[in-house]
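# Chain and residue survey
As a plain string of letters, each chain reads:
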Amino acid sequence: MEAAGSDIGRLPEELLAEIISLMSPLDAAGVCQTIRSSADSDAVWSCFLQRDLPQFVNAAERSLMELPSRKARFLRLSDEPALLLGRVTVTDSDPPQMPI
């Protein structure tokens, strides 16, 4: 008998990404290995970043937009809050550690 977790891996990646995007960033980062590729997709992490982020990134933070994925951008802003042309990203003083 197959494990129940393997059945979820049969869902289309777009559907998995939609479901995962409804989770918190911490929960999305900690999903099981079966659906890890869906959880790491830009479609999921776009939901956790401001849609207008590129417009508000100043020259000092251009490297943020050069990171390879939206998950990497989210994790960078979580570790190093930045002033984005008058906007401040806010994180807890002791944010939970997220798996990479």
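As the structure is a prediction and not an experimental result, all values here were calculated from the model. (Residues numbered from 1 in each chain as written. Predicted model: local features only at pLDDT ≥ 70, side-chain atom pairs only at ≥ 80, totals over all residues. Heavy atoms only, no water.)

### Some words on the confidence of the model for the protein
- Considering every residue of the protein, the mean pLDDT works out to 74; 63% of them sit at 70 or more.
- Across the protein, helix α2 (residues 13-20) holds the top mean pLDDT of 90, while strand β2 (residues 87-88) sits lowest at 51.
- Low pLDDT, under 50, characterises residues 90-96; the predicted model gives this stretch 5 contacts beyond four residues in sequence or across chains. (pLDDT = per-residue confidence, 0-100. Helix = DSSP H or I, 4+ residues; strand = E, 2+ residues; numbered from the N terminus. Contact = heavy atoms within 4.5 Å.)

### Some words on the pattern of salt bridges
- Summed over all chains, the structure comprises 3 salt bridges.
- Residue Arg10 is joined to Asp7 by a salt bridge in which the shortest nitrogen-to-oxygen separation is 3.7 Å.
- Overall, Arg10 belongs to the exposed group, its relative accessible area being 60%.
- Owing to a relative accessible area of 41%, Asp7 belongs among the partly exposed residues under this scheme.
- Note that Asp42 and Arg70 form a salt bridge whose closest N and O atoms lie 3.3 Å from each other. Placement of the pair is Asp42 in helix α5 (residues 42-46) and Arg70 in helix α8 (residues 70-79), with a sequence separation of 28 residues.
- Classification of Asp42 as partly exposed rests on a relative accessible area of 30%. (Salt bridge = Lys/Arg side-chain N within 4 Å of Asp/Glu carboxyl O. Buried < 20%, exposed > 50% of the residue type's maximum accessible area, 1.4 Å probe, protein only.)

### Some points on α2
- What α2 keeps buried is the set Leu16, Ala17 and Ile20. What you see down the axis of α2 is that its buried residues fit within an arc of 100 degrees, all on one side. (Arc of directions from axis to C-beta.)

### A word on α8
- For α8, a buried count of 7 out of 10 residues is recorded, marking the element as mostly surrounded by other parts of the structure.
- Taken together, the buried positions of α8 are occupied by Lys71, Arg73, Phe74, Leu75, Arg76, Leu77 and Ser78.

### A few points about a nonpolar patch on the surface
- A surface patch of nonpolar side chains, amounting to about 290 Å² of accessible area, comprises Ile8, Leu11, Leu15 and Ile19.
- Relative to the assigned elements, Leu15 resides in helix α2.
- A relative accessible area of 40% means that Leu15 is categorised as partly exposed. (Patch = residues over 30% accessible without salt bridge, like charges linked within 9 Å, V, L, I, M, F, W, Y side chains within 5 Å. Areas by Shrake-Rupley, 256 points an atom, 1.4 Å probe, with all protein chains shown as cover.)

### A word on the environment of Ala28
- Checked against the element boundaries, Ala28 lands in helix α3 (residues 25-29).
- Each C-alpha atom, one on Ala28 and one on Trp45, is 8.8 Å from the other, the two residues being 17 residues apart in sequence.
- Contacts of Ala28, omitting those with residues within four sequence positions, involve Ile20, Met23, Ala39, Val44, Trp45 and Phe48.

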